[in-house]
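What follows is each chain in one-letter form.
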Amino acid sequence: MKLIINNIRASVDDDLNSLKYKSAKKLNVSSNSINGFKIVKESIDARRKPNISLVYSVMVEINSKYKIPVNSDIRLLEETTCISLNPGDKNIVGRPVVVGFGPSGMFAALVLAQNGYKPIVIERGESMEKRTQMVNTFWKDNLLNTETNVQFGEGGAGTFSDGKLTTRINDARCEKVLEELYKHGAPEEILYKNKPHIGTDILKNVVVNIRRKIEELGGEVFFNSKLTGLNFNNNTISGIEINDRDIIDTNILIIAIGHSARDTFEMMLQKGIQFEQKPFSIGVRIEHPQEIINLAQYGSASIAPRLGPADYQLFYKTNGRTVYSFCMCPGGIVVASASEHDTIVTNG
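What you are looking at is a predicted structure, and each value in this text was computed from that prediction instead of being measured.

Engineer: Can you lay out the overall build of the protein for me, pointing to particular residues and giving the numbers?
Structural biologist: Secondary structure assignment for the protein yields seven helices and 15 strands. When the backbone C-alpha atoms are referred to their principal axes, the protein occupies close to 70 × 50 × 45 Å. Each of the 348 residues in the protein was classed as buried or not, and the buried ones make up 38%. Long-range pairs, those at least 24 residues apart, make up 61% of the contacts in the protein with a sequence separation of at least 6. In the protein, the 41 positive side-chain charges and the 39 negative ones have mean positions that sit 7 Å from each other.

Engineer: Tell me about the packing of helix α3 (residues 128–141) against helix α5 (residues 200–216), and name the residues and values.
Structural biologist: For the pair α3 and α5, interaxial distance at closest approach is 10 Å and the crossing angle is 150°. The pairing of α3 with α5 is recorded here as roughly antiparallel in orientation. Residues M128, E129 and T132 of α3 pack against K204, V207, V208, R211 and R212 of α5.

Engineer: I'd like to hear about the pattern of salt bridges, residue by residue, with values.
Structural biologist: Following the criterion strictly, the structure yields 19 salt bridges and no others. Across the pair D14 and K22 runs a salt bridge whose closest N-O atoms are separated by 2.9 Å. Taken together, the shared-partner salt bridges connect R9, D45, R47 and R48 into one network.

Engineer: Now, about the sheet that holds strand β11 (residues 253–255): what can you tell me, with residues and values included?
Structural biologist: Two orientations exist for strands paired in a sheet by backbone hydrogen bonds: parallel and antiparallel. Within the open sheet, the four strands sit side by side as β7-β6-β5-β11. Their pairing is parallel. Single-partner strands in this sheet number two, and they are β7 (220–222) and β11. Strand-to-strand twist in this sheet, taken as the mean axis angle between neighbours without regard to direction, amounts to 15°. Packing of helix α2 (residues 103–114) onto the sheet brings it into contact with β5 (97–99), β6 (120–122) and β11, and relative to β5 it is tilted by some 165°.

Engineer: Explain the sheet that holds strand β2 (residues 34–45) to me, and be specific about the residues and the numbers.
Structural biologist: If you trace the four strands from one edge of the open sheet to the other, you get β2-β3-β1-β4, paired in antiparallel fashion. The outermost strands of the open sheet, each flanked by one partner alone, are β2 and β4 (74–76). When strand polarity is set aside, the average angle formed by the axes of neighbouring strands in this sheet is 20°. Against the sheet, helix α1 (residues 16–27) contacts β1 (2–10), β2, β3 (53–62) and β4, and its axis sits at roughly 115° relative to β1.

Engineer: Quick one: what's the story with the packing of aromatic side chains, residue by residue and with numbers?
Structural biologist: Going through the model one piece at a time under the given rule, you end up with two aromatic pairs. One residue, R124, lies across the ring of F152, its end atom 4.1 Å from the ring centre.

Engineer: Before we move on, could you go through the side chain of E123 and cite the residues and values that matter?
Structural biologist: Here E123 shows up in the loop between β6 and α3. It turns out E123 is buried and unbridged, and the closest side chain with the opposite charge, R124, is 6.1 Å from it. Side-chain polar atoms of E123 contact the backbone nitrogen of G125, separated by 2.9 Å. Ignoring anything within four residues of it in the chain, the contact list for E123 reads G100, F101, G102, F152, G153, E154, F222, F223, N224 and S225.

Engineer: Report on unusual backbone geometry, specifying residues and quantitative values.
Structural biologist: The step from K49 to P50 runs through a cis peptide bond, and the omega angle for that step is 10°. Along the chain, the position of P50 falls in the loop between β2 and β3. Here N28, not a glycine, exhibits a phi torsion of approximately 60°, which is positive. Classification of N28 as exposed rests on a relative accessible area of 65%. The phi angle at N234 is positive, at roughly 55°, despite the residue not being glycine.

Engineer: Would you mind going over the packing of α2 against helix α4 (residues 172–183) in detail, with residue names and values included?
Structural biologist: Orientation of α2 relative to α4, taken along the N-to-C sense of each, is 85°, at an axis distance of 12 Å. The orientation of α2 with respect to α4, classified from their angle, is roughly perpendicular. From α2, F107, L110, V111 and Q114 reach across to α4, where they touch K176, V177, E180 and L181. Classifying every residue of the contact of α2 with α4 gives five nonpolar, one polar and two charged.

Engineer: Please give an account of the nonpolar core that cites residues and values.
Structural biologist: With 29 residues, the main nonpolar core has I5, L27, I52, Y56, V58, V60 and L307 as its most contacted residues. Mapped by element, the contributors of at least two residues to this core are β1, α1, β2, β3 and α7 (290–298). Examining the composition of this core, we find that five residues originate from one element, β3, more than from any other. Residue contacts for I52: discarding those within four places in its chain leaves A10, S11, V12, I44, D45, A46, Q297, Y298, A301 and L307. Counting 22 residues, the second-largest nonpolar core is a separate cluster that includes A186, I198, V207 and I210.

Quick notes on the rules
Residues numbered from 1 in each chain as written. Predicted model: local features only at pLDDT ≥ 70, side-chain atom pairs only at ≥ 80, totals over all residues. Heavy atoms only, no water. Helix = DSSP H or I, 4+ residues; strand = E, 2+ residues; numbered from the N terminus. Buried < 20%, exposed > 50% of the residue type's maximum accessible area, 1.4 Å probe, protein only. Contact = heavy atoms within 4.5 Å. Lys, Arg positive; Asp, Glu negative; His and termini not counted. Charge placed at Lys NZ, Arg CZ, Asp CG, Glu CD. Axes fitted to C-alpha atoms, helices over the stretch in contact; angles between N-to-C directions. Parallel < 35°, antiparallel > 145°, perpendicular 65-115°, else oblique. Salt bridge = Lys/Arg side-chain N within 4 Å of Asp/Glu carboxyl O. Pairing = 2+ DSSP bridges. Phe/Tyr/Trp six-rings, centres within 6.5 Å; stacked < 30°, edge-to-face > 60°. Lys NZ or Arg CZ within 6 Å of the ring centre and 35° of its normal. Polar contact = N/O pair within 3.5 Å; in protein donor to acceptor, adjacent residues only side chain to side chain. Nonpolar A, V, L, I, M, F, W, Y, C, P; charged D, E, K, R; others polar. Core = buried A, V, L, I, M, F, W, Y, C linked by side-chain atoms within 4.5 Å.

Function cannot be inferred from these measures alone, as they are strictly geometric.
The following block contains the structure:
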């Protein structure tokens, strides 16, 4: 049987064997009785600095003959499928089309491909290999390409933003995202770290591997392909126009273009597409030297290599509203991220 054990505390010097021993102790069994062992979550408790604790949740597999203590830290693992698709009852004209190959479009296309739908993906920017060259040229020589840049191109803006995997939601589909990223080349630690980062250098390869998986499953990804028009039949989408000339017939369209594609939003507005407003957050950048944050969070224990760069958040409540920091880049740098001429955009 498989069990989840929560609230296992370890020091910054403990290794995997020590963690396995502490898990067995909670179950009142020997370490040799554990057949399967996997870290599910790791977080840092720095409230008693410099005595820093690492807090773990782990999955263990043991023989069902053992009598397991019943308490709030131990529970039976329920095997679930985080994503299930219910086939629709309407005929598909052509193939599903996904517009944009950032995070949303990439995973929409991947799930469609995994379920046999062979999607067509169009992306206004370049492939990762060419995109990286063009972004480096922008940073070095100040030559901006408005179609391929930090905002537009394979992988979306997040590819050049350290691959932060931060969310405040609790949804089973988040596990699907992490598992796919891991299967396609991301480090295993993203499956259990409290606020995981993949890192831009690794993420570039992960994105390419996901694209190749989509293609392997029958999907197609076209770069330098910008959505420039929409066709309708009886108020239902019947096709799209690409680069002001090419037409694809489809009645299934996913638009995942990101917030910076203002020209595409304007085109859709002119076509009579209804938009619904939603709340949004406005961010400012706060920079602190990493050494100061490490010392504030961990005290003298900040030199421990196991801890790495410290994370933190800022909150302030005023007039019934909350001001808060969304995410951070420990040890990161600020990069120019413009997608239009005569504008200033930065990211971390």
